[in-house]
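Geometric and topological summary
Here's the letter readout for the chains.
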There are 2 protein chains.
Amino acid sequence: MDDCIFCKIVRGEAPCAKVYEDSDVIAFLSIPPNNKGHTLVIPKEHYETILDVPEEILCRVVLGVQKVAGAVKQGTGCGGFNIVQNNFRTAGQIVSHLHFHIIPRVEDDGFRFWPSTKYDEGEIEEWRLKITEALEQRKL
Amino acid sequence: MDDCIFCKIVRGEAPCAKVYEDSDVIAFLSIPPNNKGHTLVIPKEHYETILDVPEEILCRVVLGVQKVAGAVKQGTGCGGFNIVQNNFRTAGQIVSHLHFHIIPRVEDDGFRFWPSTKYDEGEIEEWRLKITEALEQRKL
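Residues numbered from 1 in each chain as written. Chains lettered and ligands numbered in written order. Predicted model: local features only at pLDDT ≥ 70, side-chain atom pairs only at ≥ 80, totals over all residues. Heavy atoms only, no water.

1. Description of the overall build of chain A
Within chain A, the regular secondary structure consists of three helices and five strands. Reading the helices (α) and strands (β) of chain A from amino to carboxyl end gives α-β-β-β-α-β-β-α. Referenced to the eigenvectors of the C-alpha coordinate spread, the extents of chain A come out at roughly 50 × 40 × 25 Å. Counting all 140 residues of chain A, 56% fall into the buried class. For chain A, restricting intrachain contacts to residue pairs at least 6 apart in sequence, the fraction spanning at least 24 positions comes to 50%. When the accessible surface of chain A is summed, it comes to about 6600 Å², and 49% of that surface belongs to carbon and sulfur atoms. The centroid of the 16 positive side-chain charges in chain A is displaced by 6 Å from the centroid of its 21 negative side-chain charges. (Helix = DSSP H or I, 4+ residues; strand = E, 2+ residues; numbered from the N terminus. Buried < 20%, exposed > 50% of the residue type's maximum accessible area, 1.4 Å probe, protein only. Contact = heavy atoms within 4.5 Å. Areas by Shrake-Rupley, 256 points an atom, 1.4 Å probe, with all protein chains shown as cover. Lys, Arg positive; Asp, Glu negative; His and termini not counted. Charge placed at Lys NZ, Arg CZ, Asp CG, Glu CD.)

This is the structure we're talking about:
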């Protein structure tokens, strides 16, 4: 897409600190990073979210994530890492081109996980049904 | 593994609110949830992190994530969702059995993203080299 910054990076029209590239996937350092070495892995083709991308491309992207994540861990010496992939604005997606974050984590980096909530008695079954019924509908 | 809670769920020895199952993958509601409808997708076989899982199984799992995520969005009516996958204790991995979180998000749910940092002048190239050199080493 003409006005997509990640498409511009893929086409070489915008700069990036590239760490990996193959026929379908490109990976580069995130600016700004959550921690140093924070890397993004994207398909070269433009898809907005994980719901839009064809299965074969999604597999290629996640295998790129696996490969690059091992190098991020080894290269940065981090103790662990989070894979994060945000879908739609409500979930904090800023660039509307599917991307996986690889975020290196170090002890005491101060990141806090999101708060938990809880289900009232019997409520979990209601939520289970909402999802299984949607799965059934989507098969039709 | 005998003492892994997710392996027990796979074997039917521990209860879960299951939403999806195929030959390689199972998905169930997270307890506790970050938001209601928070779902976990796991391989039936035990692997600790994304670095350990064979490529074919990883593809099967991420295709399960894609399928279930569409149903989570439709079924819960959320505005967006985050896919999160934590590797190693330093990154907040609690159960040592590879799992992808699908976290439905709603407007004003109060979740805050992690703080950003920044690279000093020229520093991004140092971090790029750490990762690309690790990629080269891992090919050998």
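2. Topic: the nonpolar core
Core analysis: the biggest nonpolar cluster contains 62 residues, and Val 41 and Ile 102 of chain A together with Ile 102 of chain B have the highest contact counts within it. Excluding anything up to four places from it in sequence, Ile 102 of chain A contacts Gly 37, His 38, Thr 39, Val 41, Val 65, Val 68, Ala 69, Val 72, Phe 81, Asn 82 and Ile 83 of chain A. (Core = buried A, V, L, I, M, F, W, Y, C linked by side-chain atoms within 4.5 Å.)

3. So, unusual backbone geometry
Residue and element names in this part refer to chain A. In this structure, the amide linkage connecting Ile 31 to the following residue, Pro 32, adopts the cis form with an omega of 0 degrees. On the secondary structure map, Pro 32 appears in the loop between strand 2 (25-29) and strand 3 (39-43). Unusually for a residue other than glycine, Phe 88 sits at a positive phi of about 80 degrees. By the secondary structure assignment, Phe 88 is in the loop between strand 4 (80-87) and strand 5 (100-105). For Phe 88, a relative accessible area of 22% corresponds to the partly exposed category.

4. Considering the pattern of salt bridges
If you walk through the whole model with that rule in mind, you get 18 salt bridges over all chains. Between Glu 123 of chain B and Lys 36 of chain A there is a salt bridge, with the nearest N and O atoms lying 3.1 Å from each other. Of this pair, Glu 123 of chain B sits in helix 3 (residues 123-139) while Lys 36 of chain A sits in the loop between strand 2 and strand 3, placing the two residues on different chains. Taking the shortest distance from any N to any O, the salt bridge between Asp 22 of chain B and Arg 60 of chain B comes out at 3.7 Å. Of this pair, Asp 22 of chain B sits in the loop between strand 1 (18-21) and strand 2 (25-29) while Arg 60 of chain B is found in helix 2 (residues 55-76), placing the two residues 38 residues apart along the sequence. Among the charged side chains, a salt-bridge network with shared partners connects Lys 18, Glu 21 and Lys 44 of chain A. (Salt bridge = Lys/Arg side-chain N within 4 Å of Asp/Glu carboxyl O.)

5. Regarding the interface of chain A and chain B
Taken together, the contacts link 71 residues of chain A with 71 residues of chain B. Across the chain A/chain B interface, buried area totals approximately 6600 Å², and carbon plus sulfur atoms make up 68% of it. Put simply, chain A and chain B have two salt bridges between them. Scanning the region where chain A abuts chain B turns up 31 residue pairs in polar contact (both at pLDDT 80 or more). The leading source of residues in the side of chain A that touches chain B is helix 2 (residues 55-76) of chain A, at 16 residues. The residue makeup of the side of chain A that touches chain B, split by class, is 35 nonpolar, 23 polar and 13 charged. As judged from the seven bridges shared by strand 4 of chain A and strand 4 (residues 80-87) of chain B, these two strands associate in the antiparallel manner. Considered in strand 4 of chain B, the bridge of Asn 86 of chain A is made with Asn 82 of chain B. (Buried area = accessible area lost by both parts, 1.4 Å probe. Polar contact = N/O pair within 3.5 Å; in protein donor to acceptor, adjacent residues only side chain to side chain. Nonpolar A, V, L, I, M, F, W, Y, C, P; charged D, E, K, R; others polar. Pairing = 2+ DSSP bridges.)

6. Structural notes on the sheet that holds strand 3 of chain A
The 10 strands are arranged 1(A)-2(A)-3(A)-5(A)-4(A)-4(B)-5(B)-3(B)-2(B)-1(B) in an open sheet whose pairing can be described as antiparallel. Since the sheet does not close on itself, it has two edges, and those belong to strand 1 (18-21) of chain A together with strand 1 of chain B, each with one partner. Ignoring which end each strand starts from, the neighbouring axes of this sheet average 20 degrees apart. Sheet topology places strand 1 of chain A next to strand 2 of chain A; three bridges connect them, and they run antiparallel. Its bridge partner being in strand 2 of chain A, Lys 18 of chain A is matched across the sheet by Phe 28 of chain A. Along the sheet face, helix 3 (residues 123-139) of chain A touches strand 1, strand 2 and strand 3 (39-43) of chain B and points at about 30 degrees away from the line of strand 1 of chain B. (Axes fitted to C-alpha atoms, helices over the stretch in contact; angles between N-to-C directions.)

7. Side note on the packing of helix 3 of chain A against helix 2 of chain B
The contact between helix 3 of chain A and helix 2 of chain B brings their axes to 8 Å, and the two run at 115 degrees. Regarding helix 3 of chain A and helix 2 of chain B, the two cross each other, and that crossing is right-handed. Across the interface between the two elements, Trp 127, Lys 130, Ile 131, Ala 134, Leu 135, Gln 137 and Arg 138 of chain A of helix 3 of chain A pack against Lys 67, Gly 70, Ala 71, Val 72, Gln 74, Gly 75 and Thr 76 of chain B of helix 2 of chain B. Of the residues assigned to the contact of helix 3 of chain A with helix 2 of chain B, the class counts are six nonpolar, five polar and three charged. (Left-handed = near helix turned anticlockwise from the far one by under 90°.)

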